[in-house]
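Now for the letters of each chain:
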Amino acid sequence: MAPSYFFLAVFLALVACQANASDPSPLQDFCVADKHSPVKVNGFACKDPMAVNADDFFKAAKLDEPRNTVHSKVGSNVTLINVMQLPGLNTLGISLARIDYAPLGENPPHTHPRATEILTVLEGNLYVRFVTSNPNNTLFAKVLNKGDVFVFPEGLIHFQFNPIHDKPAVAIAALSSQNPGAITIANAVFGSKPPISDDVLAKAFQVEKWTIDWLQAQFWENNHY
């Protein structure tokens, strides 16, 4: 192969890899997750197709029922349905979540490292935001009403807040990964185990070390139940 054709082939291969940076497309009708398989792959190994039945694609999640937000410090409850709860999602590149918000509750700033999210308000109102990457860090914000839809691009920090003091809100979110992941910013930075050095965080946030020590002493709970 001539050098020019070789480099062209390498370039096209790299472009193809970048274009397929999220969950890969399935190469068969389905690949139900076999969570007991000793084989380690990116995702889960496939269950024997002859042993697959309708229950592998089903979960009685009761997503029509309100979730408890009373015990959440941030006033929200995220019910995620991904491949861990529904094995039939393996290799299909989708998942969803129901999000319940108490009055003045929020789903705090977080990212999904492997998924774009599209959110629809089912009840109430939500104030939503996402921030673009460095160096601009542009903030995009919108107030959503019942039936409105908003998209959060993959990997960007975003949150939702219920601005109404006496009414709850509910949203449903679809995500472009069987296992999108969630990194809640405050939990990751101040609640890591073991903790990040307070010297590092004090310099990063330009505050005194005692402020960082106080933040690290708080209980950073997970609102995903």
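Everything discussed here concerns the structure shown above.
Note that the coordinates shown come from a computational prediction; the quantities given were computed from them, not determined experimentally.

Calculation rules
Residues numbered from 1 in each chain as written. Predicted model: local features only at pLDDT ≥ 70, side-chain atom pairs only at ≥ 80, totals over all residues. Heavy atoms only, no water. Pairing = 2+ DSSP bridges. Helix = DSSP H or I, 4+ residues; strand = E, 2+ residues; numbered from the N terminus. Axes fitted to C-alpha atoms, helices over the stretch in contact; angles between N-to-C directions. Salt bridge = Lys/Arg side-chain N within 4 Å of Asp/Glu carboxyl O. Buried < 20%, exposed > 50% of the residue type's maximum accessible area, 1.4 Å probe, protein only. Disulfide = S-S within 2.5 Å. Contact = heavy atoms within 4.5 Å. Core = buried A, V, L, I, M, F, W, Y, C linked by side-chain atoms within 4.5 Å. 1 Å grid on protein atoms, 1.4 Å probe; cavity = no way out; pocket = protein on both sides within 12 Å on 5 of 7 lines; lining within 4 Å. Points joined across faces, edges and corners; volume = space filled by probe spheres on them. Nonpolar A, V, L, I, M, F, W, Y, C, P; charged D, E, K, R; others polar.

Asks: Mind showing me how you'd approach the sheet that holds strand β1 (residues 76–81) here?
Replies: The strands making up a sheet associate through hydrogen bonds between their backbones, and the pairing can be parallel or antiparallel. Pairing is antiparallel across the open sheet formed by 5 strands, whose spatial order is β1-β2-β9-β4-β7. Each of the sheet's edge strands pairs with one partner strand only, and the pair in question is β1 and β7 (149–152). On average, adjacent strands in this sheet sit at an angle of 20 degrees to one another, irrespective of strand direction. Taken together, the 6 bridges between β1 and strand β2 (residues 95–101) define a ladder with antiparallel strand orientation.

Asks: What am I meant to see in the pattern of salt bridges here?
Replies: Any two side chains of opposite charge can pair if their charged atoms end up close together. Under the definition given, this model contains 4 salt bridges. Asp-56 is the partner of Lys-47 in a salt bridge, and the nearest nitrogen-oxygen pair spans 3.1 Å. Using a relative accessible area of 23% as the deciding quantity, one classes Lys-47 as partly exposed. Classification of Asp-56 as buried rests on a relative accessible area of 9%. Lys-146 serves as the salt-bridge partner of Glu-123, at 3.4 Å between the closest nitrogen and oxygen. You can see Glu-123 sitting in strand β4 (residues 117–123) and its partner Lys-146 sitting in the loop between β6 (139–144) and β7, a full 23 residues away along the chain. Residue class for Glu-123 comes out partly exposed when judged on its relative accessible area of 41%. By relative accessible area, which is 55% here, Lys-146 ends up exposed.

Asks: Would you mind showing me how to read the state of the cysteines here?
Replies: Note on terminology: a disulfide is the covalent bond linking the sulfur atoms of two cysteines. As enumerated under the stated definition, the model contains 1 disulfide in all. The disulfide partner of Cys-31 is Cys-46, and the gap between their sulfur atoms is 1.9 Å. Sign of the S-S torsion, about -105 degrees for the bond between Cys-31 and Cys-46, identifies this disulfide as left-handed. With Cys-31 in the loop between α1 (3–19) and β1 and Cys-46 in the loop between α1 and β1, this residue pair connects regions lying 15 residues apart in the sequence.

Asks: Looking at this structure, how should I read the environment of Lys-62?
Replies: Tracing the backbone through its elements, the reader meets Lys-62 in the loop between α1 and β1. Residue Lys-62 is classed as exposed on the basis of its relative accessible area of 51%. In this structure the C-alpha to C-alpha distance between Lys-62 and His-158, which are 96 residues apart in sequence, comes to 26 Å.

Asks: Looking at this structure, I do not really get the side chain of Asn-187. What am I missing?
Replies: Residue placement: Asn-187 occurs in helix α2 (residues 185–190). Residues contacting Asn-187, with those up to four places away along its chain left out, are Ser-192, Trp-220, Glu-221 and Asn-222.

Asks: What's the story with the nonpolar core in this structure? I'm lost.
Replies: Generally speaking, soluble globular proteins have nonpolar side chains that are buried together. Formed by 16 residues in total, the largest nonpolar core has its most connected members in Tyr-101, Leu-119 and Leu-126. Sorting the residues of this core by element identifies β2, β4, β5 (126–131), β7 and β9 (169–175) as the ones contributing at least two each. Contact partners of Leu-126, with chain neighbours within four places excluded, come to Tyr-101, Leu-119, Val-121, Lys-142, Val-143, Leu-144, Gln-160, Phe-161, Asn-162, Pro-163, Ala-169 and Ala-171.

Asks: Help me out: how do you make sense of the layout of surface pockets in this one?
Replies: Rolled over the atoms, a probe as big as a water molecule pinpoints where empty space is left. Estimated volume of the largest pocket: approximately 430 Å³. Considering the residues around the largest pocket, the lining is formed by 21 residues, among which Asp-23, Pro-24, Asn-42, Gly-43 and Gln-178 are closest to the centre. When the residues that make up the lining of the largest pocket are grouped by side-chain class, the tally is 8 nonpolar, 10 polar and 3 charged. Volume-wise, the second largest pocket comes out at about 340 Å³. Around the second largest pocket, the lining comprises 24 residues; the ones closest to its centre are Leu-80, Gly-181, Ala-182, Asn-222 and His-224. Of all elements in the fold, only β1, β2, β3 (106–111), β9, β10 (183–184) and α2 reach the threshold of two or more residues within the lining of the second largest pocket. Among the elements that make up the lining of the second largest pocket, the one with the highest residue count is β1 (3 residues). Here the lining of the second largest pocket is composed, by residue class, of 11 nonpolar, 12 polar and 1 charged.

Read these as geometric descriptors, not functional statements.
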